[in-house]
Amino acid sequence: MSADVIVVGAGIIGSSIAYHLARAGASTLLVDRSAPAAAPGATWASAGGLRSQGRYGPERPISLAASIRWQTLSQELDANLEVALGGHLHVAESEAEFPIIEERVAADRSAGIAIESLKADELRKIVPGIAPSALMGAYTPGDGQAHPGRTARAFAAAAVRHGARAIYDSHALPLCEGGRVTGILTASGEKLSGGTVVLATGAWSIALLKDLGIDLPIRWRGLQMLLSEIAPAMLAPTVTAVGRNLSLKQSPSGQLMVGGRWFARPQAPEPHAEPIDAHVARQWSSAVGILPAMAHLRLAQSWAGAEAQSLDGSPFIGPSGLPGLYLATGFSNHGFQISPEIGRLVASDLLSGPEPLLKAFRPDRPLSAERAAAFKAETILL
Ligand SMILES: Cc1cc2nc3c(=O)[nH]c(=O)nc-3n(C[C@H](O)[C@H](O)[C@H](O)COP(=O)(O)OP(=O)(O)OC[C@H]3O[C@@H](n4cnc5c(N)ncnc54)[C@H](O)[C@@H]3O)c2cc1C
């Protein structure tokens, strides 16, 4: 068996890439060690937030185009992706934080993102139960949430409808012959040749890259999520806050979902992580601090997933330096929202030549020390 492009990894990124390649007519093979969006990958664990505001500059046009795609993606993929566009609200809880909101609004507005600056009374029209500490906010009404697992499975199924082949429950090892990657070796020992192998293997990329002798500033981290019992409707947008590690949304089931870059404890065999009890308590109280009605709710579930993070918080997308191998990894806590456009851009990059919007994400880019420091500061370390 051979293919123009072999996509290794059927998380949200690999599934979207495979769909866009197959839709463009490329002979495509999608391989996953398990299944689309399987545990403990990032897509399986993801909070499913669709946030276009507050993005790093080069991601803004991609995120903006993605937010338009999300409006009709369920119809495009012929699947219920549980897309709910209830907005995203980023709040300041002190006057000292106001400039951060103002800068975000100005930068996003100049990039064409529909964003509003809300005063304290206006915030309360969007979230009546928000804590008195919320004084100002940046609001993007077109943002929202969707179901990551459903979306990855829908991309993978649509790829197959467009002629892609899929192999699940089989890991793939890139085959390196004569100084180039020529295909993959499957779990059953079969050699499959491919013109290009795309590594979309999330946290598993770290070990695979090491075996291939590719040195990238990338690591994996376990990130933990919490889910409350079912509650009455109380929250339309996703809420984040300048001074808190928090992302809070109400899922279609009525459960409140709490994320916000809280690290979980790594477990063997890597990549795998389990929630840390002390972090669960702080994560939950961070949510109660912004939505006091949650104090009456019980925690129903916690979990942790494994995510590949570049050291500057931006993904690595493009040729690896090893002929035949293309990378799409390191999506660093925010790959879900942009996934429809990442798939489209990578397919175009591979089939039609260098895609200008991906230039800032090339694996051989110099790392920005400023961004690396900011990314480190925004995460809760073990
Ligand atoms: C807790 C959490 C919350 C998040 N919340 C948000 C959010 O609200 N909004 C947002 O935009 N982003 C969010 N993200 C980020 C987003 O979910 C990720 O950026 C995205 O899911 C990354 O997808 P991926 O396909 O790169 O990786 P993964 O989903 O991890 O997929 C990698 C796939 O590769 C497969 N694989 C690995 N090795 C092999 C091999 N050798 N052979 C075959 N298959 C292999 C795995 O089985 C897996 O299916 C969150 C992430 C986490 C962890």
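What you see is a predicted model, and the numbers here were worked out from it, not measured in a lab. (Residues numbered from 1 in each chain as written. Predicted model: local features only at pLDDT ≥ 70, side-chain atom pairs only at ≥ 80, totals over all residues. Heavy atoms only, no water.)

## What to know about the overall build of the protein
Applicable threshold: Numbering of helices and strands starts at the N terminus; helices are DSSP runs of H or I of at least 4 residues and strands are runs of E of at least 2. Within these notes, the globule rule equals 2.2 Å times the number of residues to the 0.38 power, and the radius of gyration is based on C-alpha atoms. Throughout this description, buried means an accessible area under 20% of the type-specific maximum (1.4 Å probe, protein chains only), exposed means over 50%, and partly exposed covers the range between. Contacts are residue-level and defined by heavy atoms, with any inter-residue pair within 4.5 Å sufficient. The Shrake-Rupley method, run with a 1.4 Å probe sphere, supplies the accessible areas, and residue values consider only the shown protein chains as cover. Positive charges come from Lys and Arg alone, negative charges from Asp and Glu alone, with His and the N- and C-terminal ends not counted. By convention, charge coordinates are those of NZ in Lys, CZ in Arg, CG in Asp, or CD in Glu.
Looking only at helices and strands, the protein has 10 helices and 20 strands in total. Computed over its C-alpha atoms, the radius of gyration of the protein comes to 20 Å, within 12% of the 21 Å expected for a compact globule of 382 residues. A total of 382 residues make up the protein; the buried ones form 55% of that total. Considering only contacts within the protein whose residues lie at least 6 apart along the sequence, 73% involve residues at least 24 apart. On the protein, roughly 15,300 Å² of surface is accessible, and the fraction owed to carbon and sulfur atoms is 55%. Between the averaged position of the 32 positive side-chain charges in the protein and that of its 33 negative side-chain charges there is a distance of 1 Å.

## A look at the nonpolar core
What counts here: To form a nonpolar core, buried Ala, Val, Leu, Ile, Met, Phe, Trp, Tyr and Cys residues must be joined to one another through side-chain atoms within 4.5 Å.
One finds V7, I13, I17, W70, L77, I317 and I342 to be the most contacted residues of the largest nonpolar core, which totals 42 residues. Elements represented by at least two residues in this core include exactly strand 1 (2–8), helix 1 (12–23), helix 3 (60–77), helix 6 (148–161), strand 20 (325–329) and helix 9 (339–352). When residues of this core are assigned to their parent elements, the largest contribution, seven residues, is made by helix 1. I342 has contacts with I13, I62, I317 and F331, leaving out every residue within four places of it along the chain. If you look at the next biggest cluster of nonpolar residues, it comprises 25 residues, including L89, V91, A134 and L256.

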